[in-house]
Amino acid sequence: MPGNWMRGKPASWKISTLGNQRPRKPVPNKPGACGNRGAGQPGSCKFSDPGNQECGKLGSLETGGMRNQGAEKPVVRKSGAEQMSTNSSSISQFLLLPFADTRELQLLHFCLFLGIYLAALLGNGLIIITIACDQHLHTPMYFFLLKLSVTDIGCISTTVPKSMANSLWDTRAISYTGCVAKLFFFVLLIVTEACLLTVMAYDRYVAICHPLHYGTLLGSRACVHMAAAAWASGFLHAVLHTANIFSLPLCHGNAVDQFFCEIPQILKLSCSDAYLREIGVIVVNACLDFGCFVFIVVSYVQIFRAVLSIPSEPGLHKAFSTCLPHLAVLSLFLSTGLIAYLKPPSISSQFLDLVVSFLYSVVPPAVNLLIYSMRNLELKDAVWKLMIGYI
């Protein structure tokens, strides 16, 4: 370097050599030379003696550090929505609501739900086998009743068995994938059941108010198309709700205040500014269900007007025996379902949510056989014949 052979030369020699350049005052080579610079002047060592290795090293380290510091990339901060989405994607399981804390009550809950589940399987299974085996029951009314029984078996199978297993094994966990699958099938089956109940109300209306056109309006092809439309409607609702609700960011943990994965309870886990989209879907769905409800009410008003004008006692009894069970199941199912999904948060409580969900998801499938065979002598006789024939 130039400073090595210029060291020790007098200042005049430097002036003569460098021309008219003003000489620089040499910095004394003492240990404190680098430490005497002022605050905020990190580059003062550049005018120090080039032979001072300590000062040169310190200056090079400082300037190198400053360059590295300036080259550092700025810290990227995630937005609130990205952080909440990360929290949602990190959830690997949900925790369902336990019915009891003590072991004895857990076993009692398991036995109670086991009895309800077996009753639902037995009752709906008998209806399916009876209608399939008895040629006299191959009519549109019993065709839709068979589809309703299949739907009820699937509906109760998506809610009760997991709750029973959790009580038996003393756990609350359900996997994220399992919750998604159960919610999808539950919405599929519950919407299909609502559509089937609406079609069954139309079937009773045509049979009683327009008996001469019954074979034309409700032929075999029309029945198949109505059943297919009910299942297609349930599938579309299930895809829409499942894709929508599990795309929401969940920022309130993973504890579901229900014994199965239910839409209102999972919405409580989502962020306050993110669940409005699903609320809109539920409102649209509620409007469609309300339209079905209005259609059913109008149909039954016409049915009861026609029934009350029937002069014969047997005809009046037969009309009531086929309409009242359907009306009972419909009232229980729709009233509790609307309360579960449309009640305001101000009146929501854990006990009320549990009772309402139990009434619309567990009770109707379990009492299907009892309700439909209670006043329907035709179905009751066919069930007894089937049971006696096997015995």
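Residues numbered from 1 in each chain as written. Predicted model: local features only at pLDDT ≥ 70, side-chain atom pairs only at ≥ 80, totals over all residues. Heavy atoms only, no water.

Draft legend 1. Broad picture of the overall build of the chain. Of regular secondary structure, the chain possesses 17 helices and two strands. Each of the 391 residues in the chain was classed as buried or not, and the buried ones make up 39%. In the chain, the proportion of contacts linking residues at least 24 apart, taken out of those at least 6 apart, comes to 74%. Summed over all atoms, the accessible surface of the chain reaches about 21900 Å², with 66% contributed by carbon and sulfur. (Helix = DSSP H or I, 4+ residues; strand = E, 2+ residues; numbered from the N terminus. Buried < 20%, exposed > 50% of the residue type's maximum accessible area, 1.4 Å probe, protein only. Contact = heavy atoms within 4.5 Å. Areas by Shrake-Rupley, 256 points an atom, 1.4 Å probe, with all protein chains shown as cover.)

Draft legend 2. How the structure looks around the nonpolar core. If you look at the biggest cluster of nonpolar residues, it comprises 83 residues, and the most contacted ones within it are Phe 94, Leu 145, Leu 197, Ile 245 and Tyr 372. Contacts of Leu 145, omitting those with residues within four sequence positions, involve Ile 127, Ile 131, Met 200, Tyr 372 and Leu 379. (Core = buried A, V, L, I, M, F, W, Y, C linked by side-chain atoms within 4.5 Å.)

Draft legend 3. Geometry of helix α14 (residues 350-361). Over its 12 residues, α14 extends 16 Å from the first C-alpha to the last, a length consistent with the 16 Å expected when each residue adds 1.5 Å. Among the residues of α14, those classed as buried are Asp 353, Leu 354, Val 356, Ser 357, Tyr 360 and Ser 361. (Expected span 1.5 Å × (residues − 1).)

Draft legend 4. Examining unusual backbone geometry more closely. Phi at Asp 170 is positive, roughly 55°, even though this residue is not glycine. Note that Asp 170 resides in the loop between α7 (160-169) and β2 (173-175).

Draft legend 5. Inspection of the confidence of the model for the chain at higher detail. Averaged over all residues, the pLDDT of the chain is 76; the fraction at 70 or higher stands at 73%. For the stretch residues 1-21, pLDDT sits under 50, and the model shows five contacts to residues farther than four places along the chain or on other chains. When the criterion is pLDDT under 50, residues 29-88 qualifies, and its contacts beyond four places in sequence or with other chains add up to 36 contacts. (pLDDT = per-residue confidence, 0-100.)

Draft legend 6. Spotlight on the environment of Gly 234. In this fold, Gly 234 is placed in helix α10 (residues 220-245). Gly 234 sits 49 residues away from Phe 185 along the chain, and the two C-alpha atoms are 9.1 Å apart. Each residue touching Gly 234, except ones within four places of it in the same chain, is listed here: Val 187, Leu 188, Val 191 and Thr 192.

Draft legend 7. Region of interest: the side chain of Ser 167. By secondary structure assignment, the location of Ser 167 is in helix α7. Here Ser 167 is in contact with Arg 103, Gln 106, His 109 and Phe 110, once residues within four sequence places are set aside.

Draft legend 8. Geometry of the pattern of salt bridges. Per the stated rule, a full pass over the model turns up two salt bridges. Its salt-bridge partner being Asp 203, residue Arg 204 comes within 3.0 Å of it at the nearest N-O pair. A residue is classified by how much of its surface remains accessible, and Arg 204, at 10% relative accessible area, is buried. Asp 203 sits in the buried class, given a relative accessible area of 1%. Between Lys 268 and Asp 353 there is a salt bridge whose closest N-O contact spans 3.3 Å. Here Asp 353 lies in helix α14 and Lys 268 lies in the loop between α11 (263-267) and α12 (276-308), a separation of 85 residues in the sequence. Overall, Asp 353 belongs to the buried group, its relative accessible area being 2%. (Salt bridge = Lys/Arg side-chain N within 4 Å of Asp/Glu carboxyl O.)

Draft legend 9. Local environment of the environment of Leu 148. By the element assignment, Leu 148 lies in helix α6 (residues 140-157). Assessed through its relative accessible area of 0%, Leu 148 is described here as buried. Considering only alpha carbons, one finds Leu 148 and Thr 192, 44 residues apart in sequence, at a separation of 8.6 Å. Non-local contacts of Leu 148, meaning those with residues more than four positions away in its chain, are made with Glu 193, Leu 196, Leu 197, Met 200, Asn 368 and Tyr 372.

Draft legend 10. Main features of the packing of α6 against α10. Two elements in contact, α6 and α10, have axes separated by 11 Å at closest approach and are oriented at 25°. Classified by the angle between their axes, α6 and α10 sit roughly parallel to one another. Crossing of α6 over α10 shows right-handed handedness. The residues of α10 that touch α6, namely those facing Pro 140, Phe 143, Phe 144 and Thr 151, are Cys 223, Val 224, Met 226, Ala 227 and Trp 231. A breakdown of the residues in the contact of α6 with α10 according to their chemical character gives eight nonpolar, one polar and no charged. (Axes fitted to C-alpha atoms, helices over the stretch in contact; angles between N-to-C directions. Parallel < 35°, antiparallel > 145°, perpendicular 65-115°, else oblique. Left-handed = near helix turned anticlockwise from the far one by under 90°. Nonpolar A, V, L, I, M, F, W, Y, C, P; charged D, E, K, R; others polar.)

Draft legend 11. Molecular detail of a nonpolar patch on the surface. On the surface, a cluster of nonpolar side chains totalling about 490 Å² of accessible area is made up of Phe 290, Phe 293, Val 294, Val 297, Val 298 and Val 301. Inspection of the secondary structure assignment puts Phe 293 in helix α12. (Patch = residues over 30% accessible without salt bridge, like charges linked within 9 Å, V, L, I, M, F, W, Y side chains within 5 Å.)

Draft legend 12. Representation of the packing of aromatic side chains. Under the criterion given, the structure shown has 16 aromatic pairs. Aromatic pair Phe 94 and Phe 246: ring centres 6.5 Å apart, planes at 65°, arrangement edge-to-face. Of this pair, Phe 94 sits in strand β1 (residues 93-95) while Phe 246 is found in the loop between α10 and α11, placing the two residues 152 residues apart along the sequence. Here the two residues Phe 94 and Phe 246 agree in accessibility, since each one is buried. Between Phe 186 and Phe 260 the ring centres are 5.0 Å apart and the planes differ by 50°, which places this aromatic pair in the tilted class. Here the residue Phe 186 occupies a position in helix α8 (residues 176-209), and Phe 260 occupies one in the loop between α10 and α11, the gap between them amounting to 74 residues. (Phe/Tyr/Trp six-rings, centres within 6.5 Å; stacked < 30°, edge-to-face > 60°.)

Draft legend 13. Spotlight on the state of the cysteines. The full count for this structure, using the stated rule, is one disulfide. Two residues share a disulfide in this structure: Cys 179 and Cys 261, whose sulfurs sit 2.1 Å from each other. Classification of the bridge connecting Cys 179 and Cys 261 rests on its S-S torsion, roughly -130°, and on that basis the disulfide is left-handed. Residue Cys 179 is located in helix α8, and its partner Cys 261 is located in the loop between α10 and α11; the two are separated by 82 residues in the primary sequence. Judged by its relative accessible area of 3%, Cys 261 is buried. Left without a disulfide partner, Cys 195 is nearest to the cysteine sulfur of Cys 292, which lies 5.7 Å away. (Disulfide = S-S within 2.5 Å.)

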